[in-house]
Amino acid sequence: MDKSLSKSISYFGLIALGAGGVIGSSWIYTNSKFFAMYGAGGEIYGLMGAAALAILVSLSFAELSTIFTKAGGEVVYGSAAFGKKGALFAGWALVGAYISTMAFYVTASSMLISTIFPQIASGPYYEFAGVKVHFTELALGIGITLFVFIINYFGAKIAGNIQIILFIGLIVLGVALITVGFTQGSVSNFTPAFSEHMNKSSSIFRFILPGMTFLTGWESVAIMAEEANVPSRKIGLVVIISIVIAAAYYILVLMSSAWVYPWEKTATMEMGTISAFKAAGFPILSIAAYTISFLGLATSFLTFFSSAPRLIFSLARQNVLPSYFNHVHPKYHTPTRALWATLVLVLGLGWLGKGAVVYFLDMGGFLVALAWSFNALCLRKIRKAHPELVGKFRNKHLFWPTLGGAIALIIALATVIPGTLVSLVWPYEYVILGAWIVIGLVCYFITRKTDEPVETEIEQLTQRTD
């Protein structure tokens, strides 16, 4: 059976998957919570810091994605640089980050709908972390998850085309919010950007971790490079373009909400940007912001549900996970068994509900930081071991991607050390992290296939198709 994936994603489809995958849902209404915790300055400047870090890190992804145009992105780079263990380390971290984000979406979708139809959040329920999860909410979220699964099952081209349409909608609505927010608002609503009791530096730094989770998704460009009907030299540029578009979108929309209405009042509201524009006298734009939350959820869900199975598929292809997952549907050319595994993992965590939102954001941020830092190390190792491999996007100096990797590593280490500004929440997040590590190691040790020589793998992965 042919185990190659079809080249069916266009240039704009790849940008839509990259940037649209980053622009999620919760950011547009959780800014009430984050404004209260860190101030408007803490969230917005923290996002700027996270964006700068993401751009530095993306430089290593951009170069490696033009050398290795295989499905899996960092799995392939980890394998080429450090063999089977490198592939596991890189791939399992990103899979965990994507799964944790999608698990939040399972109930986030129903939470948004319940603001219009409150009867959804009624009837029998259970509690997790002190927050109720109604069975009707869970059932609706499961239904939406299955719908996203089906779209991805039938091919990357379908997912890419749908993503383009949704992404255009995001851009149009976002431009409307930004234009009205800055032209009709006032800088006095934004300044001072911190409350008197807030430590400015720690507020900004503390938000970088969830900010990194908000900015996750652009890695999908490298992960799905094998299916991109795009010259390899452009793939590296799309990686960086995706981050710039998404980061600018986040920052400008959030800032416009703090411009159009006093952010300290928004901090006391329930739905962040949505509530801010409504309170400022723009109910239609409030609906637009609400629509953005749905579109963002859909674009992120589609991207992550496209990327996570490719990571699992690539791990199996690299002999890290059982070969059972190294399977491509003969008709649709999608990694269907890896898709089913992703569905099981997402629904397995999704039942935790809204009470786990902070856990999912923090865990995702930690795993992303780990993956980002490791990728910079992979680039240095491959450059040294195989100087003959020259990508069509090449960093003139390795200082900047190395700096990004070093900062990401510091943040990752700070999250697992108790008592720091970005420490994981004890005990829940440490338990979830431990369970994820155990699952990865179990899968690794039950795989009986032996490693292939790195040289053979390098030769195989560097075959060009364009």
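Predicted model only: the values in this text are computed from it and were never measured.

Caption draft 1: Quick look at the overall build of the protein. Each helix and strand counted, the protein has 16 helices and two strands in total. Whereas a compact globule of 466 residues would reach a radius of gyration of roughly 23 Å, the protein reaches 21 Å, a difference of no more than 12%. Overall, the C-alpha framework of the protein stretches about 65 × 50 × 45 Å when taken along its three principal axes. Summarising the internal contacts of the protein: among those between residues at least 6 apart in sequence, 83% fall at separations of at least 24. Counting every atom, the protein has about 17,600 Å² of accessible surface; 69% of that belongs to carbon and sulfur. Counting 29 positive and 21 negative side-chain charges, the protein places the centres of these two groups 4 Å from one another.

Caption draft 2: Representation of the packing of aromatic side chains in the model. Applying the stated rule across the entire model yields 37 aromatic pairs. Here the aromatic rings of Phe399 and Trp400 are separated by 4.9 Å at their centres, their planes lie at 75°, and the arrangement is edge-to-face. These aromatic residues form a ring-pair network of at least three members: Phe104, Tyr105, Phe149, Tyr153, Phe154, Phe301, Phe305, Tyr332 and Trp340. It is Lys234 that lies over the ring of Tyr11; its NZ or CZ is 5.3 Å from the centre. Looking at Arg337, its charged tip hangs above the ring of Tyr324, at a distance of 4.4 Å from the centre.

Caption draft 3: Region of the structure containing the pairing of strand β2 (residues 131–134). Note that strand β1 (residues 125–128) and β2 share four bridges and pair antiparallel. The partner of Glu127 across the bridge, within β2, is Lys132. What sits between the antiparallel neighbours β1 and β2 is a turn of two residues, in which Ala129 has the positive phi angle 55°.

Caption draft 4: Structural detail: helix α14 (residues 399–416). Look at α14: 26 Å from first C-alpha to last across 18 residues, which is about the 26 Å you get at 1.5 Å a residue. Along α14, the positions that sit buried rather than exposed are Pro401, Gly404, Gly405, Ala408, Ile411, Ala412, Ala414 and Thr415.

Caption draft 5: View of the side chain of Ser32. By the secondary structure assignment, Ser32 is in helix α2 (residues 27–67). Since its relative accessible area comes to 2%, Ser32 is described here as buried. Among the polar contacts listed, one links the side chain of Ser32 to the backbone oxygen of Met269, at a separation of 3.2 Å. Apart from residues lying up to four places away in sequence, Ser32 is in contact with Thr266, Ala267, Met269, Glu270, Met271 and Gly272.

Caption draft 6: A look at a nonpolar patch on the surface. Among the surface-exposed residues, Leu409, Leu413, Val416 and Ile417 lie close enough to one another that they form a single nonpolar patch of about 310 Å² accessible area. Inspection of the secondary structure puts Leu413 in helix α14. Judged by its relative accessible area of 46%, Leu413 is partly exposed.

Caption draft 7: Main features of the nonpolar core. In this structure, Trp27, Phe68, Met212, Trp218 and Trp372 are the most contacted members of the largest nonpolar core, which totals 165 residues. Among the elements that take part in this core, helix α3 (residues 74–114) stands out by supplying 22 residues, more than any other. Beyond its immediate stretch of four places on either side in the chain, Trp218 contacts Gly18, Val22, Ala54, Val57, Ser58, Phe61, Val239, Ser242, Ile243 and Trp372.

Caption draft 8: Main features of the packing of α3 against helix α4 (residues 135–153). Close contact between α3 and α4 brings their axes to 7 Å; oriented N to C, the two are set at 115°. You can see that α3 and α4 cross each other, and the crossing is right-handed. Of α4, the residues touching α3 (which contributes Val106, Thr107, Ser109, Ser110, Met111, Ile113 and Ser114) are Glu137, Leu138, Leu140, Gly141, Ile142, Ile144 and Thr145. In terms of residue class, the contact of α3 with α4 is made up of seven nonpolar, six polar and one charged.

Caption draft 9: Main features of the environment of Leu5. Among the structural elements, Leu5 can be located in the segment before α1 (11–22). Accessibility expressed as a relative area gives 6% for Leu5, which makes it buried. Distance from Leu5 to Ile204, taken between C-alpha atoms, is 42 Å for residues 199 residues apart in sequence. Apart from the residues within four sequence positions on either side, Leu5 is in contact with Ala71, Glu226, Glu227, Arg310, Phe313, Val328, His333, Thr334 and Pro335.

Caption draft 10: Up close: the environment of Ala371. In this structure, Ala371 sits in helix α13 (residues 357–385). C-alpha of Ala371 to C-alpha of Ala408: the two residues are 37 residues apart in sequence and 8.6 Å apart in space. Not counting residues up to four positions away in its chain, the partners in contact with Ala371 are Glu74, Ala90, Ala93 and Leu94.

Caption draft 11: Broad picture of the environment of Phe194. The topology assignment puts Phe194 in the loop between α5 (156–184) and α6 (200–214). Taking the C-alpha atoms as reference points, Phe194 and Phe35, separated by 159 residues in sequence, lie 8.7 Å from one another. If we skip the residues at most four places from it in the chain, Phe194 touches Tyr38, Gly41, Gly42, Tyr45, Lys200, Ser203, Ile204 and Trp263.

What counts as what
Residues numbered from 1 in each chain as written. Predicted model: local features only at pLDDT ≥ 70, side-chain atom pairs only at ≥ 80, totals over all residues. Heavy atoms only, no water. Helix = DSSP H or I, 4+ residues; strand = E, 2+ residues; numbered from the N terminus. Rg over C-alpha atoms; globule rule 2.2 N^0.38 Å. Contact = heavy atoms within 4.5 Å. Areas by Shrake-Rupley, 256 points an atom, 1.4 Å probe, with all protein chains shown as cover. Lys, Arg positive; Asp, Glu negative; His and termini not counted. Charge placed at Lys NZ, Arg CZ, Asp CG, Glu CD. Phe/Tyr/Trp six-rings, centres within 6.5 Å; stacked < 30°, edge-to-face > 60°. Lys NZ or Arg CZ within 6 Å of the ring centre and 35° of its normal. Pairing = 2+ DSSP bridges. Expected span 1.5 Å × (residues − 1). Buried < 20%, exposed > 50% of the residue type's maximum accessible area, 1.4 Å probe, protein only. Polar contact = N/O pair within 3.5 Å; in protein donor to acceptor, adjacent residues only side chain to side chain. Patch = residues over 30% accessible without salt bridge, like charges linked within 9 Å, V, L, I, M, F, W, Y side chains within 5 Å. Salt bridge = Lys/Arg side-chain N within 4 Å of Asp/Glu carboxyl O. Core = buried A, V, L, I, M, F, W, Y, C linked by side-chain atoms within 4.5 Å. Axes fitted to C-alpha atoms, helices over the stretch in contact; angles between N-to-C directions. Left-handed = near helix turned anticlockwise from the far one by under 90°. Nonpolar A, V, L, I, M, F, W, Y, C, P; charged D, E, K, R; others polar.

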